Amino acid sequence: MFLGWITKGSILFGLIAVVIPIINLMRQDKAVVNNLGIFSGISISACAISLCMQIFYANHLVNIEDWSALMDILSTVANVSVVLLVATIILNVIVYIKHKEKQSQV
């Protein structure tokens, strides 16, 4: 039961990590600009939690010696983890650049 929640939680936190910067890009009002650091921190933290959950799941598979399951998922998990990490970093950098551009225009 707990392991099902690890996978679902990982997906949920991964989505949070990507959606928060996208929302920040769409909303450029003063409240978002004032809390930019908080939102970026939440996004990066959600990415880290998502990746940790995948590591815990892989560790569980090693502990129960389910080598076939580990071999089935590890390549995909590694690729998706890289995509999540790069997307989160790029989106947060874009939000930061847009914020700096708006500050320089004021």
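Going by the structure above, here's the rest.
Residues numbered from 1 in each chain as written. Predicted model: local features only at pLDDT ≥ 70, side-chain atom pairs only at ≥ 80, totals over all residues. Heavy atoms only, no water.

Secondary structure assignment for the protein chain yields four helices and zero strands. Along the chain direction, N to C, the helices and strands of the protein chain fall in the order α-α-α-α. Referenced to the eigenvectors of the C-alpha coordinate spread, the extents of the protein chain come out at roughly 60 × 25 × 15 Å. Within the protein chain, the fraction of its 106 residues that count as buried is 26%. In the protein chain, once contacts between residues fewer than 6 apart in sequence are set aside, the share between residues at least 24 apart is 77%. Looking at the protein chain as shown, the accessible area adds up to about 7,100 Å², and 72% of this sits on carbon and sulfur atoms. Taken as two groups, the 6 positive and 5 negative side-chain charges of the protein chain have centres that lie 24 Å from each other. (Helix = DSSP H or I, 4+ residues; strand = E, 2+ residues; numbered from the N terminus. Buried < 20%, exposed > 50% of the residue type's maximum accessible area, 1.4 Å probe, protein only. Contact = heavy atoms within 4.5 Å. Areas by Shrake-Rupley, 256 points an atom, 1.4 Å probe, with all protein chains shown as cover. Lys, Arg positive; Asp, Glu negative; His and termini not counted. Charge placed at Lys NZ, Arg CZ, Asp CG, Glu CD.)

Moving on, we get to helix 4 (residues 67-105). Helix length check: helix 4 (39 residues) gives 56 Å between terminal C-alpha atoms against 57 Å at 1.5 Å per residue, within 8%. At Ile-73, helix 4 shows its strongest bend, of approximately 35°. Within helix 4 the residues assigned to the buried category are Leu-70, Val-77, Ser-81, Leu-84, Thr-88, Leu-91, Asn-92, Val-95 and His-99. (Expected span 1.5 Å × (residues − 1). Bend = angle between axes of the 7 residues up to and from the residue.)

Our next topic: the packing of aromatic side chains. Counted under the stated rule, the structure contains zero aromatic pairs. The ring of Trp-5 is capped by Lys-8, whose NZ or CZ atom sits 5.5 Å from the centre of that ring. (Phe/Tyr/Trp six-rings, centres within 6.5 Å; stacked < 30°, edge-to-face > 60°. Lys NZ or Arg CZ within 6 Å of the ring centre and 35° of its normal.)

Between helix 3 (residues 36-63) and helix 4, the shortest axis-to-axis distance is 10 Å and the interhelical angle comes to 175°. In terms of orientation, helix 3 lies roughly antiparallel with respect to helix 4. Classifying every residue of the contact of helix 3 with helix 4 by side-chain character gives 17 nonpolar, eight polar and no charged. (Axes fitted to C-alpha atoms, helices over the stretch in contact; angles between N-to-C directions. Parallel < 35°, antiparallel > 145°, perpendicular 65-115°, else oblique. Nonpolar A, V, L, I, M, F, W, Y, C, P; charged D, E, K, R; others polar.)

Here helix 3 is 28 residues long and its end C-alpha atoms lie 41 Å apart, about the 40 Å a rise of 1.5 Å per residue gives. Of the residues making up helix 3, those classed as buried are Leu-36, Ser-40, Ser-43, Ala-46, Cys-47, Ser-50, Met-53, Gln-54, Ala-58 and Leu-61.

Let's shift gears to the packing of helix 1 (residues 2-26) against helix 3. Pairs of packed helices are described in terms of their axes, by the angle between the two and the distance that separates them. Between helix 1 and helix 3, the shortest axis-to-axis distance is 8 Å and the interhelical angle comes to 155°. Overall, the two elements helix 1 and helix 3 adopt an arrangement that is roughly antiparallel. In terms of crossing hand, the pair formed by helix 1 and helix 3 is left-handed. Residue-level contacts link Leu-3, Ile-6, Gly-9, Ser-10, Phe-13, Gly-14, Ile-16, Ala-17, Ile-20, Pro-21 and Asn-24 of helix 1 to Leu-36, Phe-39, Ile-42, Ser-43, Ala-46, Cys-47, Ile-49, Ser-50, Met-53, Gln-54, Tyr-57 and His-60 of helix 3. Tallied by class, residues from the contact of helix 1 with helix 3 come to 15 nonpolar, eight polar and no charged. (Left-handed = near helix turned anticlockwise from the far one by under 90°.)

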